[in-house]
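Letter by letter, the chains look like this.
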Amino acid sequence: MSDINTMSVNAIRVLAADAVQKANSGHPGLPLGSAAVAYELWAKHMNHNPANPDWPNRDRFILSGGHGSTLLYSLLHLFGYGLTKEDLMQFRQLDSLTPGHPEYRHTRGIEATTGPLGAGMGMAVGMAMAEAHLAAKFNREGYPIIDHYTYVLGGDGCMMEGISSEAFSLAGTLGLGKLIVFYDSNKISIEGSTDIAFTEDVKKRFEAFGFQTLVVEDGNDLEEIGRAIEAAKADRTRPTMITVKTQIGYGCPAKQGKASAHGEPLGADNVKALRENLGWPSDEAFYVPDEVYANYRELAADKAKVEDEWNRMFGEYSAKYPEMRKAWDEEFDMEIAEKLIDDEEFWAYEDKPEATRNLSGVVLNRLKNKVPNLIGGAADLSPSTKTYMKDMGDFSKDDYTGRNLHFGVRELAMAAIGNGMTLHGLRAFVSTFFVFSDYVKPMARLSSIMRIPTAYVLTHDSIGVGEDGPTHEPIEQLAMLRSMPNFHVFRPADATETIAAWYSAVNSLETPTALVLTRQNLPQLAGSSKEALKGAYVLEDSAKEVPDAIIIATGSEVSLAVEAKAELAKEGVDVRVVSMPCMDIFEEQSEEYKESVLPKNVRARVAVEALGDFGWGKYVGLDGKTITMKGFGASAPAATLFKKFGFTTENVVAAVKSVL
């Protein structure tokens, strides 16, 4: 390779090593080994504009091996994304723009928060699906306004994680020809050689998934890397996996090819030896020659020209197809659903008992025409979770315009893919049985951290599952999801609350939402209202200014609380019933509002919920009681289980009396 290219690659290596060394913490191995791949891709093949990181038709790059973040930070600095040398010096320090793993929204140019190995692989599949969908929807002959690639880089750890197999199996099935996966194959893991735990033929696995598979024998040969990228781009019918054979810690004589290069600083002497071995012109930390910066500036200027050409084409497209331009603006209008708050048709329902999963399906099919970028599906469960949008088509290899996604039985990858689609600008929802939120949770956590509004439709929400028994009856899952910061969990009690849950989900800009829904029918409640959007509200009040007691309930148990109130009234006990469909949103309300719903001077409180009791203590206090699940349920008809475990009017009445 030419001298300037050699120096430009080595600048990435030196900056990465210096950042880790100064922080005395980090992972230098991946950046040193993969610097040439990253440079060749970003400099010669990837369309991106450092002056406008949000350009809609940019290629996406995800570093799935997020521990190698200094690779990405060095690229962002050198290409002029606004990350300064001082930012690199603050790597892994409090409030810096260079945290230990890349964080979306935090650092300009980062496409996704990565760190949990394999997560980036799943999100990349979601981005590639979003690109295929938008291209099929908006492109017209001569106007490929959506035409970009999704690149993702990860190593052996990403390939070991099951999520990568889940996601890439689907990617191959869908023929995502504009997804290109770089497998940084250095045969080293933290514990030593990968031979101790990972001897499979990864290339053959990807061939079985339906990928084109290519191999770069020398991970430092820019020309060989470039030929592989072009071959990958030439195959538009299959995704491509490029195995790049690298050496972890490349360039550092004492660390190269060793496990110790993975996750610890090289050491001052080894950083000096790295510089000498690479022929670097200075021993000064974070030094980059002017000619290297000039090279990167020239490359960035060329990238800007690509966007300029796209802007010209998009202007012509908008003039020629004004109806498509209008559709484009609506597609990316994340506030388009706000006006539904006053839409009587949207809030209408039949006054008959209905499972909230069924009601959710009705609402979803109202939303499909109101929110044009709403897209999603289930992990092979849409007939049960009621998440199929009628007349919206099925997303498939033969038709990317479809808005119904079929994830197969792949819950973890499904959630990551949903995040990828959301990151790409769509309103994505995913769905499975609530008990399987255990499989979903790691990616739901990333939704929260990234502050993206992916929606999770989780049905069969309690012991109401019935005959399927304890393995399918969620108990502790509600507390698990409620415990996550920046995550809204709705457990609606009837139609109005279900509509409110969906309204909240499709209007959220930075918070993911879970809709936790019943299998069994529930009655429509006379007192329910849009106040559900505040998380909790007084469903039925007492006649007294200060109620004798308060019953707090969610979901299927709210009607039980209403029945108990009626029975208690016969005995002269006047209680307030509070429906709390979303604890998280209730906690966001003003202190005045919270006091109006749950006044502190009413200490006689009972919470009723057919799941675990974790989290209810702050609402019932030391003097209160909970009627909740203490074990894992059983196999029997739902009505039998509710009676067995104490979810009866009589038991709620008795609990209220006991706290008075």
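Before reading further, recall that the structure is shown in the block above.
Predicted, not measured: the structure shown is a model, and the values here were computed from it.

Each helix and strand counted, the chain has 25 helices and 20 strands in total. Taken over C-alpha atoms, the radius of gyration comes to 28 Å for the chain, in line with the 26 Å a tight globule of 660 residues would show. Projected onto its principal axes, the C-alpha coordinates of the chain cover approximately 90 × 60 × 45 Å. Burial statistics for the chain: of 660 residues in total, 62% are counted as buried. For the chain, the computed accessible surface area is about 24500 Å², with 50% contributed by carbon and sulfur atoms. Side-chain charges of the chain comprise 66 positive and 91 negative groups, with the mean position of each set lying 1 Å from the other.

The next point concerns the side chain of Arg-205. Tracing the chain through its elements places Arg-205 in helix H8 (residues 202-209). Beyond its immediate sequence surroundings of up to four residues, Arg-205 is in contact with Met-159, Ser-164, Ser-165, Phe-198 and Glu-200.

A few words on the packing of helix H5 (residues 119-138) against helix H16 (residues 411-423). The interhelical angle for the contact between H5 and H16, taken along N-to-C directions, is 50°, at an axis separation of 6 Å. As judged from the angle between their axes, H5 and H16 are oblique. For H5 against H16, the interelement crossing comes out right-handed. Side by side, H5 and H16 meet where Ala-119, Gly-122, Met-123, Val-125, Gly-126, Met-127, Met-129 and Ala-130 of the first sit next to Ala-416, Ile-417, Asn-419, Gly-420, Met-421 and Leu-423 of the second. Per-class residue counts for the contact of H5 with H16 are ten nonpolar, four polar and no charged.

Three or more residues of helix H10 (residues 268-278) are buried, namely Asn-270, Val-271, Leu-274, Arg-275 and Leu-278. Buried residues of H10, viewed axially, fall in a sector of 145°; they line one side. Those residues of H10 that are exposed and aimed more than 90 degrees away from the buried face are Ala-268, Asp-269 and Glu-276. Buried-residue contacts for H10 involve helix H1 (3-23) and helix H2 (29-45). Just downstream of H10, Gly-279 is the residue with a positive phi angle, here 70°.

Attention now goes to the packing of H16 against helix H17 (residues 437-450). Where H16 meets H17, the closest approach of the two axes is 6 Å, and the angle between their N-to-C directions is 20°. The angle between the axes of H16 and H17 places the two elements in the roughly parallel class. Crossing geometry of H16 relative to H17 is assigned as right-handed. Contacts from Glu-411, Leu-412, Met-414, Ala-415, Ala-416, Asn-419 and Leu-423 in H16 reach Tyr-439, Val-440, Pro-442, Met-443, Leu-446, Ser-447 and Met-450 in H17. Class assignment of the residues belonging to the contact of H16 with H17 gives a composition of eleven nonpolar, two polar and one charged.

This part covers the sheet that holds strand S7 (residues 240-245). Pairing within the open sheet is parallel, and its five strands lie in the order S1-S2-S3-S7-S6. What marks the edges here is a single partner per strand, and that holds for strand S1 (60-63) and strand S6 (212-216). Direction aside, the axes of adjacent strands within the sheet are offset by 20° on average. Alignment of strand S3 (residues 179-185) against S7, held across six bridges, turns out to be parallel. Opposite Tyr-183, over in S7, you have Thr-243 as the bridge partner. Contacts from H2 reach S1, strand S2 (150-155), S3 and S7 within the one sheet, and its direction differs from that of S3 by about 155°.

As for its position among the elements, Ala-285 is in the loop between H10 and helix H11 (290-320). Its relative accessible area of 42% is what places Ala-285 among the partly exposed residues. Look past the residues within four positions of Ala-285 in its chain and what remains in contact with it is Asp-18 and Arg-275.

Read from one edge to the other, the open sheet built from five strands follows the order S16-S18-S17-S19-S20, with strand pairing classed as mixed. Only two strands of the sheet have a single partner each, and these edge strands are strand S16 (537-540) and strand S20 (625-629). Taking the axes of each pair of neighbouring strands and ignoring which way they run, one obtains an average angle of 25° across the sheet. Here S16 runs beside strand S18 (residues 575-579); their pairing, made up of three bridges, is antiparallel.

This part is about unusual backbone geometry. The backbone phi angle of Arg-92 is positive, close to 70°, even though this residue is not glycine. Tracing the sequence through the fold places Arg-92 in the loop between helix H4 (85-89) and H5. For Arg-92, a relative accessible area of 28% translates into the label partly exposed. One non-glycine residue, Asp-380, adopts positive backbone phi at about 65°.

Let's shift gears to the pattern of salt bridges. Tallied over the full model, the rule gives 36 salt bridges. A salt bridge links Asp-548 to Lys-544, with the nearest nitrogen and oxygen atoms 2.8 Å apart. You can call Lys-544 partly exposed: its relative accessible area is 40%. Salt bridges linked by common partners bring Glu-131, Asp-147, Lys-178 and Arg-236 together as one network.

Taken as a whole and judged by the stated rule, the model has 32 aromatic pairs. Between Tyr-73 and Phe-91 the ring centres are 6.2 Å apart and the planes differ by 65°, which places this aromatic pair in the edge-to-face class. Separated by 18 residues along the polypeptide, Tyr-73 in helix H3 (residues 69-79) and Phe-91 in the loop between H4 and H5 bring together distant segments of the chain. Among the aromatic residues, ring-to-ring pairing joins Trp-55, Phe-138, Tyr-143, Trp-310, Phe-314, Tyr-317, Tyr-321, Trp-328 and Phe-332 into one connected group. Note that Lys-178 overlies the ring of Tyr-149, its terminal NZ or CZ placed 5.9 Å from the centroid. Residue placement shows Lys-644 over the ring face of Phe-645; its charged tip is 5.4 Å from the ring centre.

Definitions and limits used
Residues numbered from 1 in each chain as written. Predicted model: local features only at pLDDT ≥ 70, side-chain atom pairs only at ≥ 80, totals over all residues. Heavy atoms only, no water. Helix = DSSP H or I, 4+ residues; strand = E, 2+ residues; numbered from the N terminus. Rg over C-alpha atoms; globule rule 2.2 N^0.38 Å. Buried < 20%, exposed > 50% of the residue type's maximum accessible area, 1.4 Å probe, protein only. Areas by Shrake-Rupley, 256 points an atom, 1.4 Å probe, with all protein chains shown as cover. Lys, Arg positive; Asp, Glu negative; His and termini not counted. Charge placed at Lys NZ, Arg CZ, Asp CG, Glu CD. Contact = heavy atoms within 4.5 Å. Axes fitted to C-alpha atoms, helices over the stretch in contact; angles between N-to-C directions. Parallel < 35°, antiparallel > 145°, perpendicular 65-115°, else oblique. Left-handed = near helix turned anticlockwise from the far one by under 90°. Nonpolar A, V, L, I, M, F, W, Y, C, P; charged D, E, K, R; others polar. Arc of directions from axis to C-beta. Pairing = 2+ DSSP bridges. Salt bridge = Lys/Arg side-chain N within 4 Å of Asp/Glu carboxyl O. Phe/Tyr/Trp six-rings, centres within 6.5 Å; stacked < 30°, edge-to-face > 60°. Lys NZ or Arg CZ within 6 Å of the ring centre and 35° of its normal.

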